[in-house]
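Understanding the architecture of this molecule
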Amino acid sequence: MKGQIALSHGRWIASRKLDCSADKAWLLITDTTLWSTWGPSVTSVACRDTFITADSHGQVVTALGLRLPFAITRYDKGKFWSWRIGKFKATGHRVIPLTDYTCRLEFDMPWWAAAYIPVCLVALDRIVSLSE
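To keep things clear, this report deals only with the structure shown in the data block.

Criteria and cut-off values
Residues numbered from 1 in each chain as written. Predicted model: local features only at pLDDT ≥ 70, side-chain atom pairs only at ≥ 80, totals over all residues. Heavy atoms only, no water. Pairing = 2+ DSSP bridges. Helix = DSSP H or I, 4+ residues; strand = E, 2+ residues; numbered from the N terminus. Axes fitted to C-alpha atoms, helices over the stretch in contact; angles between N-to-C directions. Contact = heavy atoms within 4.5 Å. Parallel < 35°, antiparallel > 145°, perpendicular 65-115°, else oblique. Left-handed = near helix turned anticlockwise from the far one by under 90°. Nonpolar A, V, L, I, M, F, W, Y, C, P; charged D, E, K, R; others polar.

Before going further, it helps to examine the sheet that holds strand E2 (residues 11-18). Taken in spatial order, the 8 strands make up an open sheet running E1-E2-E8-E7-E6-E5-E4-E3, and their pairing is antiparallel. Taken across any chain shown, the strands that pair with only one partner, and hence form the sheet edges, are strand E1 (4-8) and strand E3 (42-47). Strand after strand, the sheet turns through a mean of 25° between neighbouring axes, direction not considered. On top of the sheet, helix H1 (residues 22-30) reaches E2, strand E5 (67-76), strand E6 (80-85), strand E7 (88-97) and strand E8 (103-110); it is set at about 160° to E7, its chief contact. Across the face of the sheet, helix H3 (residues 117-131) comes into contact with E1, E2, E7 and E8 while running at roughly 20° to E2.

For the rest of this paragraph, the subject is the packing of H1 against H3. Across the interface, H1 lies against H3 with an axial gap of 11 Å and an inter-helix angle of 120°. Between H1 and H3, the angle falls in the class oblique. The hand of the H1/H3 crossing is right-handed. Facing H1, whose interface residues are Lys-24, Leu-28 and Ile-29, H3 presents Ile-127, Leu-130 and Ser-131. Grouping the constituent residues of the contact of H1 with H3 by class yields 4 nonpolar, 1 polar and 1 charged.

Encoded structure:
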């Protein structure tokens, strides 16, 4: 099944079912060394933490060549994290267990960031490949 799009509470949600455990999906999306592998808008990351925590911060270099600071703004271990890039609230990342061996991965973004939906769908496809 390919990615799905929904609008909920003023935020776009791009989601996809993964054939891996929620724990594995969580590791994939919180490992800063993998962000440039699955995130089309990120080419590199500088962060003291390999796996993010509630206090993580650093810099990302975007596909446009911009070097921007980031900070984790919300962190619920194993379930959800969101961040700020520069001065802007960016995507939220949610893992929802379905069974012991499957989960749903969701990226959410503000309603005004609809142009970013295709980027999130590509990221979801790449994460599916990494999870196999």
